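Chain residues, written in single-letter form:
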Amino acid sequence: MTPVPPPAVELSADQARRIALRAQGFLGAPDRRAGVPGVLRHLGAVQLDTISVLARSHELIPYARLGAVGRRAVEEAYWSGGRSFEYWSHAACILPVEEWPHFAFRRRAYRARPHWHHDLPDGAYDTVIKQLRAEGPLTATELGGAKNGGEWWDWSASKVAVERALMYGEVVCTERRGWKRVYDLAERAIPDTVLHDDLSDAECRRRLVALAGKSLGVGTRSDIADYHRLRGEEFDAVVADSGLVPVAVEGWAKPAWADPEALATEPRGRHRTTLLSPFDSLVWERARTERIFGFTHRLEAYVPKQKRIHGYFAMPLLAGGKLQGRVDPAREGTTLVARQASLTGPKAVVPMAEALVEAAAWVGCTDIRLERIDAPELRDPLRDEIGRALQRAYR
């Protein structure tokens, strides 16, 4: 690891927490005029995932910051007008289209990759490119079928080819139909102004480190590097030229860096009360979540049911700038079901009720049923507060 210069600024743990909240769009008035595209530009990456409970995670991200935005508006903001593209960042993510040049280093690495998990028959790649040029945009099914008939990753040759072309940057996903990717040639879908791989690998990484620091506000080496899945040594090589400022944060055992704009003004304003997707960039990194909020969070969707503690898709409750509990939601018709709720204490009752009622209204539910709660003494207060919140919402 490259030696870290002495910190230029010292921050309290509370200052760091509020800086992180503001950087992620949870402190202060939301920019409703910029809408969902503004959220995407602000965050720099919105993670995609197949799980859909109240909604898919990429829908929950703008909802958490803006409130009950129309779900069609969310989809159009991501996949219409050439505003964004899908690529491998923190994971599979939607990225602002202006970041296309910054991922040239990753496209080059994929093109130079000596081996793949799927074999590709001779001519299959060229066939897919020719078909897209003549007929695109197309789904994998329209390209010849996505599967060979087996389970999971038993992809057809055309699916392997088009996904490889996506990683190479020759093809992009232009929209989703029923969660299926629709592919087109990058030369048609990406604006000419950004359709290039001119940046060096080092410059790509420098810009991504700077952008990650801006999106996080303040973070450690691992926090910032992990935002776009850079290696620690890649971060070390460029951080000195990134513009980020070394800081010391009270209670943080490791060095940290902050976006200078985040340090320029004291973070103030109204805190958002909402439920968070487990894939939200505010909480997607477990160690950072514990360090900033003192809250241990783990996605249990892939944990055997008998070993789950908080539920399949437990969504943290953000209120007053703190994580005050979590709930594992489901939908049954027009009823939002809180299958399991966990609260940090009595003060979390009102915000949990408010967050549940707002989420229910957003997904078209008019009733809420509370099933399990980890603190039995809070069951009646939470149920009563949910009832009052529903009356206020629908009177």
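Model, not experiment: these values are computed from the prediction.

Definitions and limits used
- Residues numbered from 1 in each chain as written.
- Predicted model: local features only at pLDDT ≥ 70, side-chain atom pairs only at ≥ 80, totals over all residues.
- Heavy atoms only, no water.
- Buried < 20%, exposed > 50% of the residue type's maximum accessible area, 1.4 Å probe, protein only.
- Helix = DSSP H or I, 4+ residues; strand = E, 2+ residues; numbered from the N terminus.
- Pairing = 2+ DSSP bridges.
- Axes fitted to C-alpha atoms, helices over the stretch in contact; angles between N-to-C directions.
- Parallel < 35°, antiparallel > 145°, perpendicular 65-115°, else oblique.
- Contact = heavy atoms within 4.5 Å.
- Nonpolar A, V, L, I, M, F, W, Y, C, P; charged D, E, K, R; others polar.
- Core = buried A, V, L, I, M, F, W, Y, C linked by side-chain atoms within 4.5 Å.
- Polar contact = N/O pair within 3.5 Å; in protein donor to acceptor, adjacent residues only side chain to side chain.
- Phe/Tyr/Trp six-rings, centres within 6.5 Å; stacked < 30°, edge-to-face > 60°.
- Lys NZ or Arg CZ within 6 Å of the ring centre and 35° of its normal.

**Quick word on helix α2 (residues 35-43)**
Within α2, seven of the nine residues are buried, which leaves the element mostly enclosed by the surrounding structure. Positioned one or two residues after α2, Gly44 has a phi angle of 80°, which is positive.

**Re the sheet that holds strand β8 (residues 218-220)**
The strands making up a sheet associate through backbone hydrogen bonding, with each pair oriented either parallel or antiparallel. If you walk across this open sheet you meet the four strands as β1-β9-β10-β8, and the pairing is mixed. Lying at the two open borders of the sheet, with one neighbouring strand each, are β1 (9-11) and β8. With direction set aside, neighbouring strand axes in the sheet form an average angle of 40°. Alignment of strand β9 (residues 245-249) against strand β10 (residues 256-258), held across three bridges, turns out to be antiparallel. Pairing of Val247 across the sheet is with Ala256, part of β10.

**Comments concerning the packing of helix α1 (residues 13-23) against helix α9 (residues 201-216)**
For any two helices packed against each other, one specifies the inter-axial angle together with the distance between the axes. Remark: α1 packs on α9, axes separated minimally by 6 Å, with the N-to-C direction vectors making an angle of 110°. It follows from the interaxial angle that α1 and α9 lie roughly perpendicular. Listed contacts from α9 to Ile19, Ala20 and Ala23 of α1 are Lys214, Ser215 and Leu216. Its residues assigned to classes, the contact of α1 with α9 shows four nonpolar, one polar and one charged.

**Some thoughts on the side chain of Glu59**
As for its position among the elements, Glu59 is in helix α3 (residues 57-66). Glu59 gets classed as buried once you look at its relative accessible area, which sits at 6%. Aside from chain neighbours lying at most four places away, what touches Glu59 is Arg71, Val74, Glu75 and Trp362.

**Overview of helix α5 (residues 104-111)**
Within α5, the full set of buried residues consists of Ala104, Phe105, Arg106, Arg107 and Tyr110. Each element contacted by the buried residues of α5 is listed here: β3 (84-88), α7 (157-168) and α9.

**A word on the sheet that holds strand β6 (residues 171-177)**
With antiparallel pairing, the three strands of this open sheet are ordered in space as β5-β7-β6. The two strands at the open ends of the sheet, each matched to only one other strand, are β5 (138-139) and β6. As paired elements, β5 and strand β7 (residues 180-185) share two bridges and run antiparallel to each other. Paired with Thr139 across the two strands is Val182, which belongs to β7. On top of the sheet, helix α6 (residues 124-135) reaches β5, β6 and β7; it is set at about 85° to β7, its chief contact.

**Some remarks on the nonpolar core**
Core analysis: the biggest nonpolar cluster contains 64 residues, and Tyr78, Tyr87, Leu132, Val171, Tyr183, Ile190 and Ile224 have the highest contact counts within it. Among the elements that make up this core, the one with the highest residue count is α7 (six residues). Contacts of Ile190, omitting those with residues within four sequence positions, involve Phe85, Val97, Trp100, Val172 and Leu195. Within the second largest apolar cluster, 38 residues are counted, among which are Leu317, Leu356, Trp362 and Leu370.

**Some thoughts on the pairing of β7**
Counting buried positions along β7 yields five of six residues, so the element is predominantly enclosed. Pairing between β6 and β7: six bridges, direction antiparallel. Bridge pairing in β7 places Glu175 opposite Val182. The antiparallel hairpin formed by β6 and β7 contains two residues in its connecting segment, where Gly178 sits at a positive phi of about 55°.

**Here we look at the environment of Pro376**
Mapped onto the secondary structure, Pro376 falls in the loop between β15 (367-373) and α15 (379-394). Considered as a pair, Pro376 and Arg71 are 305 residues apart in the sequence and their alpha carbons are 35 Å apart.

**Looking at the side chain of Ser57**
Position of Ser57 among the secondary structure elements: in helix α3. On the accessibility criterion, Ser57 (1% relative accessible area) is buried. Within polar-contact distance, the side chain of Ser57 engages the side chain of Ser277 at 2.6 Å. Residues within four places of Ser57 in sequence aside, it is in contact with Gln47, Ile51, Ser277 and Phe279.

**Some remarks on the packing of aromatic side chains**
Where two aromatic rings form a pair, the distance of their centres and the angle of their planes describe that pair. As enumerated under the stated definition, the model contains eleven aromatic pairs in all. A ring pair is formed by Phe85 and Tyr87, whose centres lie 6.4 Å apart and whose planes are at 45°; its orientation type is tilted. The same class applies to Phe85 and to Tyr87, which are both buried. With a centroid separation of 6.4 Å and an interplanar angle of 75°, the aromatic rings of Phe85 and Phe103 are classed as edge-to-face. Within this pair, whereas Phe85 is found in strand β3, its partner Phe103 is found in the loop between β4 (92-96) and α5, the two being separated by 18 residues in sequence. Put simply, the rings of Phe85, Tyr87, Trp100, Phe103 and Tyr110 touch in pairs and so form one group of aromatic residues. Lying over the aromatic face of Trp179, Arg56 brings its terminal NZ or CZ to 4.3 Å of the ring centre. Arg107 extends its terminal NZ or CZ atom over the ring of Trp100, reaching a point 4.1 Å from the ring centre.

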